Amino acid sequence: MTDSLSSTPLADGFAMPAEFAPHEGTWMLWPHRADTWREQGGPAQQAYAEMAAAIVAAEPVRMGVRGSQIESARALLPASVEIVELDSDDAWMRDVGPTFVTNADGERRGVDWQFNAWGGHEGGLYPNWDLDMQVAAQVIGLEGDERYSAPLILEGGSIHVDGEGTCLTTEECLLNANRNPSMTREQIEGHLCDYLGVEKVLWLGAGTFGDETDGHVDNLACFIRPGVVALTWTDDTSHPQHAISHDARARLETMTDARGRSIQVELLPMPTLAPMSEAEAAGIIASGEVLPRLAGDELAGSYVNFYTCNGRIVAPLLDERTDDEAMAKLAELFPEREVVGVPGREILLGGGNVHCITQQIPAV
Ligand code: KQY
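Keep in mind it's a predicted model, so treat the numbers as computed, not measured. (Residues numbered from 1 in each chain as written. Predicted model: local features only at pLDDT ≥ 70, side-chain atom pairs only at ≥ 80, totals over all residues. Heavy atoms only, no water.)

A. Structural detail: the overall build of the protein. Regarding its fold elements, the protein presents 11 helices and 16 strands. Once the C-alpha set of the protein is aligned to its principal axes, its extents read approximately 50 × 50 × 45 Å. For the protein, buried positions account for 60% of its 364 residues. Restricting to contacts in the protein with at least 6 residues of sequence separation, those with at least 24 account for 76%. Measuring between centres, the 23 positive side-chain charges of the protein sit 4 Å from its 57 negative side-chain charges. (Helix = DSSP H or I, 4+ residues; strand = E, 2+ residues; numbered from the N terminus. Buried < 20%, exposed > 50% of the residue type's maximum accessible area, 1.4 Å probe, protein only. Contact = heavy atoms within 4.5 Å. Lys, Arg positive; Asp, Glu negative; His and termini not counted. Charge placed at Lys NZ, Arg CZ, Asp CG, Glu CD.)

Here it is as structure tokens:
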């Protein structure tokens, strides 16, 4: 690992581009944990391969795969997906990968955040995250970019930016005592500004109900373009998400972004999901190490967890009753992109979806 830079992106004139800005490509990681993914990861690997195929049709994809899995990954992935030997504890590139920042001179660098498996020993998802901790620096090195080491525990799924100075996040996650307990809200905001190159942080309250990440914003809300935010939504007053989404909407509608624009809120329907079934849970080999994944567990699925790539939106299909409406809404929100729905339940069984398993490399 090369030395990190001692300054910050903000000080050096770098900022994180929005996901909807042009990409050079996408990084992903290959799932393998038998205590998280059923049947030694087989069905999840098939699902990741389908997501990768939908993305590689739009832009290059690099898949980090542990050595022992390279042969099986090659057999499932399209030939156009580049396989890179890279070990990890699990397969959430959004959260363990780097955040890339760019400057006006067309240069790119990577931010390497601290990571504690979504809460460390206070509610985190597994007790040892040494391999995950090393992923971001390796990816930045493989891209040939310079690296900033940020002093903040942060997963990429807990932030979205509009590329014009605004960051969107949730209090439930970033102010959680299991992330950065010694920092105040102001100090956390300061680090977000320094390392994302933003000027303003918009705070939502809680994330999607039951989300094991402690409320990542990428399952709740995201920028469609500057000044426009998509929000997961239900009119079912008996559902715990009802109050959360209504609070988020009320906050957004009174906020302005870094450029002084009011926020227009667009609603995406919330899927109604069956809990994890006996059959889905049966193939998970409990290790006693990770959060047990059991039949009857509620699944925090959201269409907001889509991925924006060049000319395309890759979105999870989650519920036959709402898939068409959600895909049609995404098509309306992104008239210049093709919306591609890909089955998302298998990935959801591991706690996230296509946005959580991808990380964009911005074009420079
Ligand atoms: O929301 C995300 N960005 C990731 C979900 C991680 C789930 C870990 N089991």
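B. The site of the ligand, seen in detail. If you check the shell around the ligand, you find Trp92, Asp95, Trp118, Leu125, Gly157, Glu212, Thr213, His216, Asp218, Gly350, Gly351 and Cys356 and nothing else. His216 has a polar side-chain atom sitting 3.1 Å from an oxygen atom of the ligand. In this structure, Gly350 approaches the ligand through a main-chain N or O atom, which is 2.7 Å from a nitrogen atom. About the coverage of the ligand: the protein hides 98% of its 300 Å² of free accessible area. A class-by-class count of the residues in the shell around the ligand yields four nonpolar, five polar and three charged. (Near = heavy atom within 4 Å. Polar contact = N/O pair within 3.5 Å; in protein donor to acceptor, adjacent residues only side chain to side chain. Areas by Shrake-Rupley, 256 points an atom, 1.4 Å probe, with all protein chains shown as cover. Nonpolar A, V, L, I, M, F, W, Y, C, P; charged D, E, K, R; others polar.)

C. Spotlight on the pattern of salt bridges. In total, this model carries 28 salt bridges according to the counting rule given. Taking the shortest distance from any N to any O, the salt bridge between Asp35 and Arg33 comes out at 2.8 Å. As far as burial versus exposure is concerned, Asp35 and Arg33 are alike and both buried. Salt-bridge contacts for Glu338 lead to Arg312; the nearest nitrogen and oxygen are separated by 3.1 Å. One end of the pair, Glu338, is in strand 15 (residues 338–343); the other, Arg312, is in strand 14 (residues 312–317), with 26 residues separating them in the sequence. (Salt bridge = Lys/Arg side-chain N within 4 Å of Asp/Glu carboxyl O.)

D. Up close: the sheet that holds strand 14. With mixed pairing, the three strands of this open sheet are ordered in space as 13-14-15. Only two strands of the sheet have a single partner each, and these edge strands are strand 13 (307–309) and strand 15. Taking each pair of neighbouring strands and ignoring which way they run, the sheet shows an average axis angle of 25°. In this structure, strand 14 lies alongside strand 15, joined through six bridges in parallel fashion. Across the sheet, residue Leu317 finds its bridge partner in strand 15, namely Pro343. Its contacts with the sheet place helix 2 (residues 42–56) against strand 13, strand 14 and strand 15, and it is angled at close to 170° to strand 15. Sheet contacts for helix 10 (residues 323–333): strand 14 and strand 15; angle to strand 14, the most-contacted strand, approximately 165°. (Pairing = 2+ DSSP bridges. Axes fitted to C-alpha atoms, helices over the stretch in contact; angles between N-to-C directions.)

E. Summary view of the nonpolar core. The biggest cluster of nonpolar side chains holds 48 residues, and the ones touching the most others in it are Met28, Tyr48 and Leu77. At the level of secondary structure, the elements contributing two or more residues to this core comprise strand 1 (23–29), helix 2, strand 2 (61–65), strand 3 (82–85), helix 4 (93–96), helix 5 (130–142), strand 13 and strand 15. Looking at this core, the element that brings in the most residues is helix 2, giving nine residues. Tyr48 has contacts with Met28, Leu29, Trp30, Pro31, Trp37, Ala91, Trp92, Ile347 and Ile357, leaving out every residue within four places of it along the chain. Leu268, Ala281, Val304 and Leu318 belong to the second-largest nonpolar core, a separate cluster that totals 23 residues. (Core = buried A, V, L, I, M, F, W, Y, C linked by side-chain atoms within 4.5 Å.)

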